[in-house]
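Fold and contact review
Chain by chain, the residues run as shown.
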Amino acid sequence: MKKYDEELKTKVIRLHLQEGRSQKSLEEEYNLGRGAIYYWLKSYSKECQTNTEIKNENDSYRKIMKLQNQS
């Protein structure tokens, strides 16, 4: 199993949530194993339930996406 650093995980999650990039395109661009992003997003979602700071960050990502989709 390949190990990825936290900075990469955070960047990829942000690109997916904030910019709406597909998991497949990010996996190809960053040479990630299939399903890596799915796992990271699942972990991130769980962490949002217990960590207020991360939940607020996630809410901000969603607001940005919503605004971008309206333009």
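Shown above is the structure to which this text applies.
None of these values were measured; they are calculated from a predicted model.

Moving on, we get to the side chain of Glu 27. Checked against the element boundaries, Glu 27 lands in helix α2 (residues 23-29). Nearest to the buried, unbridged Glu 27 among oppositely charged side chains is Arg 34, at 5.7 Å. Setting aside anything within four residues of it in sequence, one finds Glu 27 in contact with Leu 32, Gly 33, Arg 34, Gly 35, Ala 36 and Ile 37.

The subject of this paragraph is helix α1 (residues 6-19). Its 14 residues place the ends of α1 19 Å apart at the C-alpha level, agreeing with the 20 Å of an ideal helix rising 1.5 Å per residue. Those residues of α1 that are buried lie in contact with α2, α3 (36-50) and α4 (52-70). A positive backbone phi angle near 75 degrees is found at Gly 20, which sits one or two residues after α1.

In this section: unusual backbone geometry. Phi is positive for Asn 31, close to 55 degrees, though the residue is something other than glycine. Counting through the fold element by element, Asn 31 comes out in the loop between α2 and α3.

What follows is about the packing of aromatic side chains. Evaluation of the coordinates by the stated rule reveals 1 aromatic pair. Ring geometry for Tyr 4 versus Trp 40: centroids 5.3 Å apart, planes at 80 degrees, classification edge-to-face. Pair noted here: Tyr 4 is in the segment before α1 and Trp 40 is in helix α3, with a separation of 36 residues, a long-range link.

What counts and how
Residues numbered from 1 in each chain as written. Predicted model: local features only at pLDDT ≥ 70, side-chain atom pairs only at ≥ 80, totals over all residues. Heavy atoms only, no water. Helix = DSSP H or I, 4+ residues; strand = E, 2+ residues; numbered from the N terminus. Buried < 20%, exposed > 50% of the residue type's maximum accessible area, 1.4 Å probe, protein only. Lys, Arg positive; Asp, Glu negative; His and termini not counted. Salt bridge = Lys/Arg side-chain N within 4 Å of Asp/Glu carboxyl O. Contact = heavy atoms within 4.5 Å. Expected span 1.5 Å × (residues − 1). Phe/Tyr/Trp six-rings, centres within 6.5 Å; stacked < 30°, edge-to-face > 60°.

Interpretation in functional terms is not warranted from these geometric data alone.
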